[in-house]
Amino acid sequence: MATVNATFVYKGTDRKGQSVEGEVISSSPALAKAQLIKQGIRARTVRKKPKPLFGGGGKPIKPMDVALLTRQLSTMMRAGVPLVQSFDIVAGGAEKQSVADLVKKIKDDVSAGSTFASSLRKHPKYFDDLFCNLVESGEQSGALETMLDRIATYKEKTEILKAKIKKALTYPIAVIVVAIIVAAILLIFVVPAFADTFSAFGADLPAFTVAVLHLSDFVQHRWLVILIMLVVGFVAFKEAKQRSKKFRIFLDHVTLRIPIIKKIIFNSIIARYARTLSTTFAAGVPLIDALQSVAGSTGNYIYEMAVLRIRDEVSSGTQLNVAMAATKVFPPMLVQMTLIGEESGALDDMLAKGATYYEEIVDNLVDNLTSLLEPFIMVVLGLMVGSMLVAMYLPIFQLGQAI
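Residues numbered from 1 in each chain as written. Predicted model: local features only at pLDDT ≥ 70, side-chain atom pairs only at ≥ 80, totals over all residues. Heavy atoms only, no water.

What about the overall build of the chain?
Piece 1. For the chain, the count of helices and strands is 15 helices and 3 strands.
Piece 2. Projected onto its principal axes, the C-alpha positions of the chain cover 100 × 60 × 40 Å.
Piece 3. In the chain, which comprises 403 residues, the share counted as buried stands at 37%.
Piece 4. Considering only contacts in the chain between residues 6 or more positions apart, those separated by 24 or more positions represent 59%.
Piece 5. For the chain, the exposed surface amounts to about 23100 Å²; the carbon and sulfur share of it is 62%. (Helix = DSSP H or I, 4+ residues; strand = E, 2+ residues; numbered from the N terminus. Buried < 20%, exposed > 50% of the residue type's maximum accessible area, 1.4 Å probe, protein only. Contact = heavy atoms within 4.5 Å. Areas by Shrake-Rupley, 256 points an atom, 1.4 Å probe, with all protein chains shown as cover.)

Examining the environment of I173
Piece 1. With respect to the secondary-structure elements, I173 resides in helix α7 (residues 144-198).
Piece 2. By relative accessible area, I173 is classed as exposed at 51%.
Piece 3. Sequence spacing of I173 and S111 is 62 residues, and the spatial spacing of their C-alpha atoms is 48 Å.

Notes on unusual backbone geometry
Piece 1. Positive phi is not limited to glycine here, since K328 has a value of about 60°.
Piece 2. If you trace the backbone, K328 turns up in the loop between α13 (320-327) and α14 (332-344).

Here we look at the packing of helix α3 (residues 83-93) against helix α4 (residues 97-111)
Piece 1. Between α3 and α4, the least distance of the axes is 9 Å, while the angle of their chain directions is 165°. Here α3 is positioned roughly antiparallel relative to α4, judged by the angle of their axes. Two packed elements cross with a definite hand, and for α3 against α4 that hand is left-handed. Residues L83, V84, F87, D88, V90 and A91 of α3 pack against A100, V103, K104, I106, K107, V110 and S111 of α4.
Piece 2. Looking at the contact of α3 with α4 residue by residue, the class counts come to 9 nonpolar, 1 polar and 3 charged. (Axes fitted to C-alpha atoms, helices over the stretch in contact; angles between N-to-C directions. Parallel < 35°, antiparallel > 145°, perpendicular 65-115°, else oblique. Left-handed = near helix turned anticlockwise from the far one by under 90°. Nonpolar A, V, L, I, M, F, W, Y, C, P; charged D, E, K, R; others polar.)

Notes on the pattern of salt bridges
Piece 1. In this structure the tally under the stated criterion is 13 salt bridges.
Piece 2. With a closest N to O distance of 3.0 Å, R71 and E156 form a salt bridge. On the criterion of sequence distance, the pair formed by R71 in helix α2 (residues 63-78) and E156 in helix α7 is long-range, its members being 85 residues apart.
Piece 3. Residue E156 is classed as partly exposed on the basis of its relative accessible area of 23%.
Piece 4. Residue D312 is joined to R311 by a salt bridge in which the shortest nitrogen-to-oxygen separation is 3.0 Å.
Piece 5. Owing to a relative accessible area of 42%, D312 belongs among the partly exposed residues under this scheme.
Piece 6. Residue classification places R311 among the partly exposed residues on the basis of a relative accessible area of 21%.
Piece 7. What you see here is one network of salt bridges that share partners, running through R71, R78, D149 and E156. (Salt bridge = Lys/Arg side-chain N within 4 Å of Asp/Glu carboxyl O.)

Observations regarding the packing of aromatic side chains
Piece 1. All told, the structure shown has 9 aromatic pairs when counted by the stated rule.
Piece 2. Between F127 and F131 the ring centres are 5.1 Å apart and the planes differ by 55°, which places this aromatic pair in the tilted class.
Piece 3. Taking relative accessible area as the criterion, F131 reaches 5% and is therefore assigned buried.
Piece 4. Ring-pair connections join several aromatic residues into one group, and the members of that group are F266, Y273, Y303 and F330. (Phe/Tyr/Trp six-rings, centres within 6.5 Å; stacked < 30°, edge-to-face > 60°.)

A look at the environment of K245
Piece 1. Following the sequence through the fold, K245 ends up in helix α9 (residues 245-255).
Piece 2. For K245, a relative accessible area of 51% puts it in the exposed group.

Remarks on helix α1 (residues 29-38)
Piece 1. Where α1 is concerned, the buried positions are A32, Q35 and L36. The arc enclosing the buried residues of α1, seen along the axis, measures out at 100°, which places them on a common side. In α1, those exposed residues whose orientation departs by more than 90 degrees from the buried face are A30, I37 and K38. (Arc of directions from axis to C-beta.)

Considering the nonpolar core
Piece 1. In terms of nonpolar packing, the biggest core is built from 72 residues, with F116, Y273, L320 and F330 touching the most fellow members.
Piece 2. Not counting chain neighbours up to four residues away, the residues in contact with F330 comprise I270, Y273, Y303, A306, V307, I310, M324 and V335.
Piece 3. Judged by nonpolar contacts, the second largest core, of 12 residues, contains A183, L186, L187 and V191. (Core = buried A, V, L, I, M, F, W, Y, C linked by side-chain atoms within 4.5 Å.)

Some points on the side chain of S119
Piece 1. Within the fold, S119 resides in helix α5 (residues 116-120).
Piece 2. At a separation of 2.9 Å, a polar atom in the side chain of S119 contacts the main-chain carbonyl oxygen of T115.
Piece 3. Setting aside anything within four residues of it in sequence, one finds S119 in contact with I106, D109, V110 and S114. (Polar contact = N/O pair within 3.5 Å; in protein donor to acceptor, adjacent residues only side chain to side chain.)

Observations regarding the environment of A179
Piece 1. The topology assignment puts A179 in helix α7.
Piece 2. Once you skip the residues sitting within four places of it in the chain, A179 turns out to touch L381 and M384.

Here's the deal with a nonpolar patch on the surface
Piece 1. On the surface, W223, L224, L227, I228, V231, V232, F234 and V235 cluster together to form a nonpolar patch covering roughly 780 Å² of accessible area.
Piece 2. Summarising the element assignment, L227 is placed in helix α8 (residues 207-243). (Patch = residues over 30% accessible without salt bridge, like charges linked within 9 Å, V, L, I, M, F, W, Y side chains within 5 Å.)

Some points on the packing of helix α10 (residues 262-282) against helix α12 (residues 301-315)
Piece 1. Where α10 contacts α12, the two axes come as close as 12 Å, and the packing angle between them is 35°. Considering only the axes of α10 and α12, their crossing is right-handed. In contact with F266, I269, I270 and Y273 of α10, α12 contributes Y303, V307 and I310.
Piece 2. Classifying every residue of the contact of α10 with α12 gives 7 nonpolar, no polar and no charged.

Encoded structure:
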């Protein structure tokens with residue numbers, strides 16, 4: 001049967017006789033006391049930490065929280081603070097309790113003799129293989145603080161890039177949702193009020209008005225079915241994306257062909273590829289192993305397969321820039337920058353510059369898209385609402401002309 005760990009709260013004295021208190025992760029109070037003794041702490045009381053009355057765990061840990069945590073640890077270690085003590089400082093200053101709890105778990109593992117990388121691997125939800133491999137490389141080379149700085153930069157830039165993509169996609173989706181809600185309100189509450197008035201006219205209504213009235217009647221009597229279908233469709237889409245590889249591949253192909261966002265998606269993939277490869281190569285990871293890590297970080301099946309083909313060609317002796325050009329999915333500029341980097345022996349630096357260049361392109365594209373979409377969306381909303389109003393007032397105008 002697997003051992004279940006729990007959080008224990010302790011109070012005691014350290015080697016200098018000073019009073020200390022804190023938390024420790026263990027399977028029993030006795031083992032918790034043994035762990036504290038190894039850390040030089042003589043515990044007076046050790047009791048299981050009570051669970052919060054309402055809910056637990058606090059706010060969820062987001063990728064940007066992990067980036068901030070990494071940056072803080074890097075800064076502490078560069079200032080000469082030991083790793084274990086850095087954990088205490090970071091946990092004490094964490095805004096989220098969930099982040100503080102995570103740091104304390106890692107600290108307890110490291111204090112008990114585990115390596116930093118092996119402690120991180122116990123939390124794959126927050127630290128992926130690439131993160132753990134880079135930390136392990138930093139520990140083995142004796143330059144952990146430098147490696148943490150590179151990882152922090154990589155995580156920060158990656159999350160900023162993801163935020164820009166979400167910004168580009170969220171705005172039009174939000175406006176579409178608002179437009180649907182406004183249209184539904186008009187069809188359910190406003191149009192029926194006009195329908196009662198038209199019934200007293202005793203004359204034929206314009207075809208456009210009749211069509212809107214039929215649509216209103218359908219929405220009034222089928223709104224629950226429509227709502228259920230929308231919810232089921234959303235859940236089905238989400239589940240298919242998570243469970244079906246073929247569906248994910250289909251989506252990856254489609255997103256690279258959508259006229260409005262294909263340039264943003266393409267440049268973000270290229271930026272992610274260059275940033276990840278630059279970080280791993282600068283960390284001393286062999287190029288073939290680095291390409292293996294990069295393949296999974298592209299976020300698109302087409303480019304994942306392309307990077308794996310590059311890895312196979314590089315392992316057989318082909319230069320990286322030649323292998324990239326052969327896939328025909330990478331922009332010529334990045335291929336040329338890779339060539340210059342290989343010839344000058346500064347591949348990581350050239351790839352980092354390439355990543356920065358394509359990240360700036362994404363930033364500009366997102367800003368341009370937002371500025372172009374605003375008037376377009378206003379026109380669409382105006383036409384949607386205006387057409388309904390025209391359909392409702394058209395019979396009244398015709399009646400006025402007849403009188």
